Amino acid sequence: MAYDPASLDKPFEILKAFDWGGDASAFQPIDAAVVAAHADPAARADLEKRLATLLGAGTSRAAKEYVCRKLSLIGTAASVPSLAALLPEKDHSHMARFALERINAAEATEALRKALGTVLGDLKIGMISSLAGRGDAASVPAIAALLSGESKTAVAAADALGRIHTPEACQALAAAGGITDKAAGSAIADARLACAESLLRQGKRAEAKAIYTSLSESAAAGTTPTAKATRLAAARGILACLDTTTTS
Amino acid sequence: MVHDTSARSIPPASEASTATRRGFLKTAGVAASATIASPYVITSKALGDATTPPASDRIVMGGIGIGNMGSGDQNAFLGRADVQYVAVCDVRKKWRDDGKGRVDGKYANTDCAAYVDFRELLARDDIDAVHIATPDHWHAIMTIAACRAGKDVYLQKPETLTLREGPLMVAAARRYGRVVSGGSQRVLEDYKEIVNPCWAGELGTIKSVDVSVGGPSQPCYLPAQETPTDIDWDLWLGPAPWEPYNSGRCDGNYGTGGNSWRSYIDYSGGSLTDWGAHHFGGTIFATDLRELQPLNVTYHPASSDGKEAAYVSVAYPNGVELHHNRPQQLRPKDPLVGGRGAIQIFGDGQRRAAKPVPVYKGTGGIYGDFIECVKTRERPFRDIELAVNTMSGPHMIGIAYRLQRSLNWDVAAQQFTGDEEANRLCDRARREPWIL
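The rules we used
- Residues numbered from 1 in each chain as written.
- Chains lettered and ligands numbered in written order.
- Predicted model: local features only at pLDDT ≥ 70, side-chain atom pairs only at ≥ 80, totals over all residues.
- Heavy atoms only, no water.
- 1 Å grid on protein atoms, 1.4 Å probe; cavity = no way out; pocket = protein on both sides within 12 Å on 5 of 7 lines; lining within 4 Å.
- Points joined across faces, edges and corners; volume = space filled by probe spheres on them.
- Helix = DSSP H or I, 4+ residues; strand = E, 2+ residues; numbered from the N terminus.
- Nonpolar A, V, L, I, M, F, W, Y, C, P; charged D, E, K, R; others polar.
- Disulfide = S-S within 2.5 Å.
- Buried < 20%, exposed > 50% of the residue type's maximum accessible area, 1.4 Å probe, protein only.
- Salt bridge = Lys/Arg side-chain N within 4 Å of Asp/Glu carboxyl O.
- pLDDT = per-residue confidence, 0-100.
- Contact = heavy atoms within 4.5 Å.
- Expected span 1.5 Å × (residues − 1).
- Arc of directions from axis to C-beta.
- Domains from an automatic or database assignment.
- Buried area = accessible area lost by both parts, 1.4 Å probe.
- Polar contact = N/O pair within 3.5 Å; in protein donor to acceptor, adjacent residues only side chain to side chain.
- Pairing = 2+ DSSP bridges.
- Axes fitted to C-alpha atoms, helices over the stretch in contact; angles between N-to-C directions.
- Parallel < 35°, antiparallel > 145°, perpendicular 65-115°, else oblique.
- Left-handed = near helix turned anticlockwise from the far one by under 90°.

1. A few points about empty space enclosed by the protein
Residues and elements named next belong to chain B. Counted under the stated rule, the structure contains eight cavities of 30 Å³ or more. Taken as a whole, the largest cavity encloses approximately 360 Å³ of empty space. As for the largest cavity, its lining consists of 29 residues, of which Gly65, Asp90, Ala133, Thr134 and Pro135 are closest to the centre. Of all the secondary structure elements, the ones that give two or more residues to the lining of the largest cavity are helix 5 (68-78), helix 8 (139-148) and helix 12 (233-237). At three residues, helix 5 tops the list of elements feeding residues into the lining of the largest cavity. Counted by class, the lining of the largest cavity contains 16 nonpolar, eight polar and five charged residues.

Now the structure itself:
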């Protein structure tokens, strides 16, 4: 069926004031149009524009959430500015990331990086999470700088670097050995294990073994469950490095 | 097959070390006896008796998500003489209290600890293993956290909510050498009438299977209700988008018609992955597809006259096709050589050599299988990697329904080929401060 923008005027009007508990069937035509737009770039662009417009003032939280879900599927660089504007807002930051994390455009990555440097607390952790989800190697220095900060953020930063596990990420983790926060230390250890596994997959046994040995030694005196788990994981890793049948 | 090779670069526990829990404890006990000279009172319970193993041979367990299915899992583990159950965790006070009550009643004391936050339970040094029966949106985060804390995990099905979670969970299990068992007790126990003939070769080479089960989950637009004081709503939502409390949004009943979390896309894959974990799980086990993932997903639109609803098929590398809700009139008339209500199996009828059916280890069904593997460090019947493979098919089917088109899956890359929108649906951003 051909895209008929006029047929969506009323659903979009209803959507703008939608709240949980309202009649969602009224804007189901938007759902159908979003799916059908896959084969119609012009329709997709028009839909994206109309959806992004609703992210401004005067739209309910529930409606913004709906819009972010739809943009997570069909959003492009065109909707990044509208989504990026929501990143500092506590009530909307996650759903903005819900869309931005999936949008395959450099502008989306840049918006998340920029917000990483400005938002605080849990919202900053959200940016770390989404940049890790996108595997953004260029954000490694900014994320690595957070390893020595507040505990929760440092944990998230370590997790993210482990997910990204580029050589630069692994170097940053190795350089964070002096961090005394226990939770951050455990997360760094886990991330370094991920780095070692990556090296092992590449056949770089000596480098992998060096990480495992370092972790084994640093966790030797630990009595927490995570310290014990790290010791075991490091020991298993050392064995894997010795096993010449273990290949990439 | 799970693509994240970090999951395979480390040998499984059974390969990396032949040391068993019992062996380690025996050795440790010898060392300890040489150094401890002070008086030491050992209770009769600690020593064990004819029916109860000594404390050193009991697996110390806790449960996370202790309502509906969690209570069933808890009872199964609590009933075992080789398990010492010490802690429960739930964001709802009622489930927490009920769960603690069952444990305290069993042991005739008040020792069972109760937690709201799973991280506190995982931080305990004395707990060997946990069972997890939260809504699906928590499974990956909790399982990975448990592995990092050195716990073995029995995880209710469906083990994953997104395709991306699976490899990360397998990687964590392998990294820390943990036993991580999926939790579909029906796969082996309830589908014998299809499992046995398939493995016996009676049906010949399997060509296709029709699985009838409900569809994918839906968005939730339920109205806001006043949040009860006995639930930590923020923690219930966890990594899921913030939405207002509604009892129908978070009830743990087994329906998928809109009055349970199993109905909704933020927390579940719907009936397709919930009951689907059983029906597809039984099918995939019966047809020996557990180590494979589909390559092609075919969306069949509804007929123009509306008589036939849309349905989706997945094709595996060995040629076997699974059809989800294919209309009866489109199924082959002959030869139907196996079936069980919601599952119909079509083989070529040319008898082939029998293979031994994989079975549980230990005693006590899938729960006993898990406990036995905790002791021996073997891979369990529904090892997390097999569970991840099993659930990949239903997840892909759900994505095809959402997009209403056919898809191709690159197993090695763990992504769809040439369909960016489909790849966007392989995972989702988690609400801060949760990170996967």
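There's more to say after this.
2. Section: the state of the cysteines
Inspection of every chain in the model, using the stated rule, returns one disulfide over all chains. One disulfide in the model links Cys170(A) with Cys195(A); its S-S distance is 2.2 Å. Taking the sign of the S-S torsion, -95° for the link of Cys170(A) and Cys195(A), the bridge is left-handed. Of this pair, Cys170(A) sits in helix 11 (residues 167-174) while Cys195(A) sits in helix 12 (residues 182-201), and the two are 25 residues apart along the sequence. Cys195(A) sits in the buried class, given a relative accessible area of 1%. Not part of a disulfide, Cys147(B) finds its nearest cysteine sulfur in Cys373(B), a span of 14 Å.

3. Regarding the pattern of salt bridges
Counting across every chain of the model gives 42 salt bridges over all chains. Asp190(A) serves as the salt-bridge partner of Arg175(B), at 3.2 Å between the closest nitrogen and oxygen. In this pair, Arg175(B) is assigned in helix 9 (residues 165-175) and Asp190(A) in helix 12, connecting two distinct chains. Like Asp190(A), Arg175(B) is buried. In the salt-bridge network here, residues are joined through shared partners; they are Glu65(A), Arg69(A), Glu243(B), Arg249(B) and Asp266(B).

4. A closer look at the confidence of the model for chain B
Mean pLDDT over chain B stands at 89; residues scoring 70 or higher make up 88%. Contacts for the low-pLDDT stretch residues 1-39 of chain B, under 50 throughout, to residues beyond four places or in other chains number 69 contacts.

5. Considerations on helix 3 (residues 41-53) of chain A
Taking 1.5 Å per residue as the helical rise, helix 3 of chain A with its 13 residues ought to reach 18 Å, and the 18 Å between its terminal C-alpha atoms agrees with that figure. Turning to helix 3 of chain A, its buried residues are Ala43(A), Arg44(A), Leu47(A), Glu48(A), Leu51(A) and Ala52(A). Taken down its axis, helix 3 of chain A places every buried residue within 160° of arc, on the same side. Turned more than 90 degrees away from the buried face of helix 3 of chain A sit Ala42(A), Lys49(A) and Thr53(A), all of them exposed. Close packing links the buried residues of helix 3 of chain A with helix 1 (9-16), helix 2 (28-36), helix 4 (61-74) and helix 5 (80-84) of chain A together with helix 17 (420-424) of chain B.

6. Some points on the domain arrangement of chain A
Residues and elements named next belong to chain A. Assigned domains within chain A: domain 1 (1-134) and domain 2 (140-248). Relative to domain 2, the C-alpha centre of domain 1 lies at a distance of 36 Å. In this complex, domain 1 contributes seven residues to the contact, which on the side of domain 2 involves ten residues. Across the domain 1 to domain 2 interface the summed buried area is about 670 Å²; carbon plus sulfur atoms make up 83%. If you sort the residues of domain 1 by the area they bury against domain 2, Ile125, Ile128 and Ala132 come out on top, with a joint share of 61%. Taken together, the connections running from domain 1 to domain 2 amount to one salt bridge. Taking the shortest distance from any N to any O, the salt bridge between Lys152 and Asp122 comes out at 3.0 Å. Joining domain 1 to domain 2, the criterion identifies one residue pair in polar contact (both at pLDDT 80 or more). The element best represented in the side of domain 1 that touches domain 2 is helix 8 (residues 121-133), accounting for six residues.

7. A few points about the interface of chain B and chain A
Between chain B and chain A, the contact holds 59 residues from the first and 64 residues from the second. The residue Arg148(B) makes a salt bridge to Asp159(A) at a minimum N-O spacing of 3.1 Å. Going through the elements one at a time, helix 1 (6-9), helix 2 (13-16), helix 8, helix 9, helix 16 (384-403) and helix 17 of chain B are the ones with two or more residues in the side of chain B that touches chain A. Residues of the side of chain B that touches chain A, tallied by class, amount to 30 nonpolar, six polar and 23 charged.

8. Topic: the sheet that holds strand 3 (residues 113-115) of chain B
All names here are of chain B. Reading across from one edge, 3-2-1-4-5-6 is the order of the six strands in this open sheet, with parallel pairing throughout. Only two strands of the sheet have a single neighbouring strand rather than two, namely strand 3 and strand 6 (180-183). Ignoring which end each strand starts from, the neighbouring axes of this sheet average 20° apart. Sheet analysis places strand 2 (residues 83-89) next to strand 3, joined by three bridges and oriented parallel. Looking at strand 3, one finds that Cys89 is bridged to Tyr115. Contacts from helix 6 (residues 93-107) reach strand 2 and strand 3, with the element oriented near 160° to strand 2.

9. Describing the packing of helix 12 of chain A against helix 13 (residues 205-218) of chain A
Residue and element names in this part refer to chain A. Taken N-terminus to C-terminus, the directions of helix 12 and helix 13 make an angle of 160°; their axes are 8 Å apart at the nearest point. Taken together, the axis directions place helix 12 and helix 13 in an arrangement best described as roughly antiparallel. Helix 13 is crossed by helix 12, and the crossing has left-handed handedness. Within the contact between the two elements, helix 12 uses Ala189, Arg192, Leu193, Cys195, Ala196, Glu197, Leu199 and Leu200 and helix 13 uses Arg205, Glu207, Ala208, Ile211, Tyr212, Ser214 and Leu215. When grouped by side-chain class, the residues that make up the contact of helix 12 with helix 13 number ten nonpolar, one polar and four charged.

10. A word on the layout of surface pockets
Roughly 1,400 Å³ of volume is contained in the second largest pocket. Looking at the lining of the second largest pocket, the elements with two or more residues in it are helix 10 (151-164), helix 11, helix 12, helix 13 and helix 14 (225-242) of chain A together with helix 7 (118-122) and helix 8 of chain B. Tallying contributions element by element places helix 12 of chain A first for the lining of the second largest pocket, with eight residues. Tallied by class, residues from the lining of the second largest pocket come to 27 nonpolar, twelve polar and eight charged.

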